[in-house]
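Observations on the three-dimensional arrangement
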Amino acid sequence: MCGIMGYIGSGNAQDILLKGLETLSYRGYDSAGIAIQQEGALHVVKTRGQIDDLRKKCAASQLSGTLGIGHTRWATHGEANDLNAHPHTDGRGRIAIVHNGIIENHLQLRNMLTERGYTFVSDTDTECAAHLLHFLYDGDLLRSLLLTARYLTGSYAIAAVCADDPSALYCIRSGSPLVLGTCSGEAFLSSDIPALLPYTRDVTVPEDGETAVLRRTGIQIYNAKGRPRKSTSFHVSWDVQSAEKGDYPHYMLKEIHQQPQVLASPPVTSHKTLNSPQQALLLGCGTAYHACLLGAYYIERLSGIPAHPEIASEYASRIAFPYKNCACIAVSQSGETADTLSAAHTAVNRGANLIALTNTLGSSLSRMASAALVTPAGPELAVASTKAYTSQALALLHLARSWGAQLGKEEDPLFEEHLQHLPAWANEALKTEKLLKAYIDPRADKPLFFFIGRGADAVTAKEAALKFKEITYIPSEAYPAGELKHGAIALIHPGMPVIAVCTQPQWVHKTLINLSECRARGAECVCFCLPHMEKEAREAADFVFTLPDMPPLLAPIISIIPLQLLAYYAACKRGLNVDKPRNLAKSVTVE
Ligand code: F6R
């Protein structure tokens, strides 16, 4: 969703902001803009469309200022057009702001400000914050920002510049991501770390309710009461190359191919021991929720602790949960997903002990948890999540295993050895790439795909169907194989692809019977299975893809890889924007 970027230094702010916005574009956007402070005035350039459209508009204005703010907007209030694009200014053009988040009480504020003579030019919630800031401005932008925040409900990261002040860039955050960084004579702010990486790998995160003033001499953070506090930074271990596509045509393909490397390392934990609870609640959205499904399977399997996966946005209605001694594991690649943050708050209020599993050190989720696990996936920039999913699944397996050990559960003596082998199996799974492309190319215009499986394979089927929906826009259904005949089998028609995932020996036979039932109704059946299941699979399926010879327990972490590739090549064949699918945003910071 929206991305914000700010710069103060001696370089050309316009160029630095455009470069930063380009990096943030993976978040999803439909308009963009910048405001540059130059010679006592603010110059705003904004447009509907892409960063290149903005670049063209900027070229005409040739701005040379060294202080400015920029924004990529993912429309929420008001369509994507030039007027609704950020930055927004107060009526006199003396203060400009960019905002990520939602101001929930914007209608009341709009009415209040209109009565006081302010004229609104956009449909956005953000514009009321620009006018309010002006209304409360007494010559001290920091103080006015703090005051403005008292009237705002919702979530926000706001950056502001003032025509009268060439020496500072101001920001405030509450519930939306914001990271700050400095390097000799320059200071930066951004919604996410990759945009800072060309300049620094030491990053500071203000807490909720805090403001910061960025000057050429450094950054000063102020707590919610406006008192200065010492800032602490953390070091980002990945470098700028890890946030670039390299030789790959898309981030998604690069990220799929990074999985062997990602699976070579366990998650980093902020706390050494996570004590085994009496029960576990797992919260997440989309792909992260699918990781929760796998996590719950691993926790029950390896530790015997009852585990309940919940879609984060639905959790509030589970009113009897949790009970005592419950660990709530909130899973989120970004650590900024509003639904997950809100569900995690609810779980904590209901007495759960919060463990955050994120891919982003310093994210809101990891900072609100009593223990944080950070997946070693590195930046994931394609909107469709791939390597984050497999690394979340592996992290949850490690957690389940450690809880099992605390409870004295016996473990397969070969388990450690098998874990070491995961990267090699991931590499082997990637080797089917050409075959998968050859299979999917002639089928990329099919109107409907079905994915089926049982147990942990049903989770893989769900995740595969989500990847298909997201990037190919082909309606795709995932069903527990046994559930098909209770309704969804009515959708099966001649030539329709039904893809079964078979890695769990106890279910293979039954899943293949369900696949045969589809075939008998004309479906074109495909099976992804372990080598020793191949013979049986060939009897039920028209196409069989053999997965590496791995233990069934670890198979769900690997078997999703060829299915990610299948979705990727279908989307390419359809000529779609794989990394930035329509309507989607990478980090969903509104509920
Ligand atoms: C799917 C996808 C989304 C995210 C979901 C949660 O490919 O990327 O479904 O998994 O929006 O995002 P995080 O993990 O950042 O909380």
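Residues numbered from 1 in each chain as written. Predicted model: local features only at pLDDT ≥ 70, side-chain atom pairs only at ≥ 80, totals over all residues. Heavy atoms only, no water.

1. Brief notes about the site of the ligand
With respect to spatial proximity, 13 residues lie near the ligand, and among them Ser-332, Gln-333, Ser-334, Thr-337 and Glu-470 are the closest. At 2.8 Å, a side-chain N or O of Glu-470 approaches an oxygen atom of the ligand. For the ligand, whose unbound accessible area comes to 400 Å², protein coverage reaches 89%. More than half of the atoms belonging to the ligand lie within 2 Å of the grid points that define the largest pocket. Broken down by secondary-structure element, the contributors of at least two residues to the shell around the ligand are helix H8 (286-303) and helix H14 (456-472). Of the residues forming the shell around the ligand, the biggest block, 3 residues, is contributed by H8. Classifying every residue of the shell around the ligand by side-chain character gives 4 nonpolar, 7 polar and 2 charged. (Near = heavy atom within 4 Å. Polar contact = N/O pair within 3.5 Å; in protein donor to acceptor, adjacent residues only side chain to side chain. Areas by Shrake-Rupley, 256 points an atom, 1.4 Å probe, with all protein chains shown as cover. 1 Å grid on protein atoms, 1.4 Å probe; cavity = no way out; pocket = protein on both sides within 12 Å on 5 of 7 lines; lining within 4 Å. Sits in = over half its atoms within 2 Å of the grid points. Helix = DSSP H or I, 4+ residues; strand = E, 2+ residues; numbered from the N terminus. Nonpolar A, V, L, I, M, F, W, Y, C, P; charged D, E, K, R; others polar.)

2. Considering the domain arrangement of the chain
The domain boundaries assigned to the chain delineate domain 1 (3-242), domain 2 (247-411) and domain 3 (430-583). The C-alpha centroid of domain 3 is placed 25 Å from the C-alpha centroid of domain 2. Between domain 2 and domain 3, the residue contacts involve 29 residues of the former and 27 residues of the latter. Looking at the side of domain 2 facing domain 3, the largest losses of area belong to His-250, Met-252 and His-290, adding up to 20% of the total buried there. Along the contact surface separating domain 2 from domain 3 lie 0 salt bridges. (Domains from an automatic or database assignment. Contact = heavy atoms within 4.5 Å. Buried area = accessible area lost by both parts, 1.4 Å probe. Salt bridge = Lys/Arg side-chain N within 4 Å of Asp/Glu carboxyl O.)

3. Digging into the pattern of salt bridges
Tallied over the entire structure, the rule returns 18 salt bridges. The partner of Asp-164 in a salt bridge is Arg-94, and the shortest N-O contact between them spans 2.6 Å. With Asp-164 in the loop between strand S7 (154-162) and strand S8 (169-174) and Arg-94 in the loop between strand S5 (88-89) and strand S6 (95-103), the pair connects residues that are 70 residues apart, well separated along the chain. For Asp-164, a relative accessible area of 47% gives the class partly exposed. Overall, the relative accessible area of 31% leaves Arg-94 in the partly exposed class. Note that Arg-173 and Asp-208 form a salt bridge whose closest N and O atoms lie 3.5 Å from each other. One end of the pair, Arg-173, is in strand S8; the other, Asp-208, is in the loop between strand S11 (202-204) and strand S12 (211-215), with 35 residues separating them in the sequence. (Buried < 20%, exposed > 50% of the residue type's maximum accessible area, 1.4 Å probe, protein only.)

4. Looking at the layout of surface pockets
One number sums up the size of the largest pocket: a volume of about 610 Å³. Taken together, 28 residues line the largest pocket, and the ones lying closest to its centre are Cys-285, Gly-286, Thr-287, Glu-470 and Val-588. When residues of the lining of the largest pocket are assigned to their parent elements, the largest contribution, 5 residues, is made by H8. For the lining of the largest pocket, the two domains that each supply at least three residues are domain 2 (247-411) and domain 3 (430-583). (Points joined across faces, edges and corners; volume = space filled by probe spheres on them.)

5. Remarks on helix H2 (residues 51-61)
All buried positions along H2 are accounted for by Ile-51, Leu-54 and Cys-58. Taken around the axis of H2, the buried residues stretch over an arc of 55°, which confines them to a single face. Opposite the packed face of H2, turned more than 90 degrees from it, sit the exposed residues Lys-56 and Ala-60. Buried residues belonging to H2 abut helix H1 (13-24), strand S2 (31-38), strand S3 (41-48) and strand S4 (67-73). Positive phi shows up at Gln-62, right after H2, with a value of about 45°. (Arc of directions from axis to C-beta.)

6. Side note on empty space enclosed by the protein
A full pass over the atoms with the stated rule returns 4 cavities of 30 Å³ or more. Estimated volume of the largest cavity: approximately 250 Å³. What lines the largest cavity is a set of 27 residues, among which Tyr-26, Asp-192, Ile-193, Ser-334 and Thr-360 lie closest to the centre. Counted by class, the lining of the largest cavity contains 11 nonpolar, 9 polar and 7 charged residues. Residue assignment places the lining of the largest cavity across two domains, with domain 1 (3-242) and domain 2 (247-411) each supplying three or more. One number sums up the size of the second largest cavity: a volume of about 70 Å³. Taken together, Cys-2, Arg-73, Trp-74, Thr-76, His-77, His-86, His-99, Gly-101, Thr-124, Asp-125 and Thr-126 make up the lining of the second largest cavity. The residue inventory of the lining of the second largest cavity, partitioned by class, reads 2 nonpolar, 7 polar and 2 charged.

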